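# Examining the three-dimensional arrangement
What follows is each chain in one-letter form.
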Amino acid sequence: AKTDGKSTWRRYQDELHDAMMRRLEMRTALNEAVSGDQMRLRFQPIVDLPTSEVVAMEALVRWEHPVRGLLGPNEFIELSEETGSIVAIGSWVLREALRTFAGWRQTVSGSLLRYVSVNVSARQFRAPGFVDQVRRVLAETGAQPEWLLLEITESLVLHDADQVWQDLRALRAMGVRIAIDDFGTGYSSLSYLSQMPVDVLKIDKSFIDDILDNTQQLALVDTIVSLARTLDLAVVAEGIELDEHRQVLAGMGCPYGQGYLFSKPVTADQIGQWLYAHSY
Ligand code: C2E
Ligand code: CA
Ligand code: CA
Ligand code: CA
């Protein structure tokens, strides 16, 4: 029993050590991921709910780690926000998403896609010169401002309001639209929401999951959808996995949605092939 206790402690120490080393190694590797050409994009279709027709794409980042393979954002975005490498990653995502989207728009059926949605982390948005960067990347990629929707979080709009709101207004004056991502998970008050310089609400998947068997959750989503209509905001419901979800949401007048029911995130090539198949 004695030796068991010792080995358990030892194992615990080893695990702790391994976890620390892994984090340290990830930090270093992450700093070189963009310059090392290891970032990738996937695109998930956003659809018109009544018809299920594709109207837009959300760009979602992946990290092709040299040893561990393709990593999802949940494995590195938080760390990159901590270390600041999110600024370089975010710049890369913005440019790559707009470059790819501008390419699609030049194809025969490219106008099926109205815009590309790009996630922007708070730290990236607050970094000096973000608005200028957006303007520059639009010019360099030949993308029109109307083709870009920036997804930000509720907390960014709530904190630090003066500078952030000024930048949001500047972006919207340019023609770029703004969405609040994961809406409902933060703490915006209704009166505040009516004043926010935003265009779209994205309802978080956690609300959609339960709408079929939880009437309270259903009522909540219904309230968000009517609220959005009152405030003249578009709504996108995230995480739609079942056709019953789609029907219920379309029934309450939710105009747009995305989720595995329609498509998982796929490569730019797959979207290109899909556009090609729709061109005749
Ligand atoms: P999000 O912006 O809320 O994106 C939706 C996430 O849910 C994506 O995961 C997507 O693949 C997943 N998803 C979509 N439909 C379904 C569904 O029907 N069922 C399920 N179970 N999942 C679904 P992903 O790609 O792993 O991204 C996770 C989060 O990472 C995103 O959540 C976003 O907050 C962040 N992220 C992704 N790309 C970027 C980026 O380029 N920059 C920043 N700052 N954050 C990003
Ligand atoms: Ca998003
Ligand atoms: Ca999110
Ligand atoms: Ca979400």
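No experiment lies behind these values; they were computed from the predicted model shown.

Protein coordination at the calcium ion (ligand 4): the donors are Asp182 (OD), Asp204 (OD), Glu238 (OE) and Glu238 (OE), at 2.2 to 3.1 Å from the metal. In the primary sequence, the donor residues of the calcium ion (ligand 4) line up as D-x21-D-x33-E. Separating the calcium ion (ligand 4) and the calcium ion (ligand 2) is a distance of 5.8 Å. Taken together, the positions of aspartate 204 in the loop between strand E7 (200-203) and helix H9 (205-208) and glutamate 238 in the loop between strand E8 (234-237) and helix H11 (243-251) put the pair 34 residues apart, joining distant regions of the chain. Glutamate 238 matches aspartate 204 in its accessibility class, with the two residues each being buried.

This paragraph deals with the environment of leucine 113. Checked against the element boundaries, leucine 113 lands in the loop between helix H3 (86-105) and strand E4 (115-119). Sequence separation between leucine 113 and alanine 56 is 57 residues, and the spatial gap between their C-alpha atoms is 4.9 Å. Residues within four places of leucine 113 in sequence aside, it is in contact with Val54, Val55, Ala56, Met57, Phe101, Trp104, Arg105, Ile271, Trp274 and Leu275.

This part covers the site of ligand 1. Around ligand 1, 22 residues are found, and the nearest of them are Arg62, Asp181, Lys205, Glu241 and Tyr260. Aspartate 181 places a polar side-chain atom, nitrogen or oxygen, 3.0 Å from an oxygen atom of ligand 1. The side chain of glutamate 238 places a nitrogen or oxygen atom 3.2 Å from an oxygen atom of ligand 1. When ligand 1 sits alone it has 800 Å² of accessible area, and the protein chains cover 82% of it. When contributions to the shell around ligand 1 are tallied by element, the ones reaching two or more residues are strand E2 (53-65), H3 and strand E6 (177-183). Examining the composition of the shell around ligand 1, we find that four residues originate from one element, E2, more than from any other. Taken together, the residues that form the shell around ligand 1 break down as nine nonpolar, six polar and seven charged.

The rules behind these values
- Residues numbered from 1 in each chain as written.
- Chains lettered and ligands numbered in written order.
- Predicted model: local features only at pLDDT ≥ 70, side-chain atom pairs only at ≥ 80, totals over all residues.
- Heavy atoms only, no water.
- Donors = N, O, S within 2.8 Å, 3.2 Å for Na, K, Ca; no water.
- Helix = DSSP H or I, 4+ residues; strand = E, 2+ residues; numbered from the N terminus.
- Buried < 20%, exposed > 50% of the residue type's maximum accessible area, 1.4 Å probe, protein only.
- Contact = heavy atoms within 4.5 Å.
- Near = heavy atom within 4 Å.
- Polar contact = N/O pair within 3.5 Å; in protein donor to acceptor, adjacent residues only side chain to side chain.
- Areas by Shrake-Rupley, 256 points an atom, 1.4 Å probe, with all protein chains shown as cover.
- Nonpolar A, V, L, I, M, F, W, Y, C, P; charged D, E, K, R; others polar.

Honestly, it's all geometry; don't read function into it.
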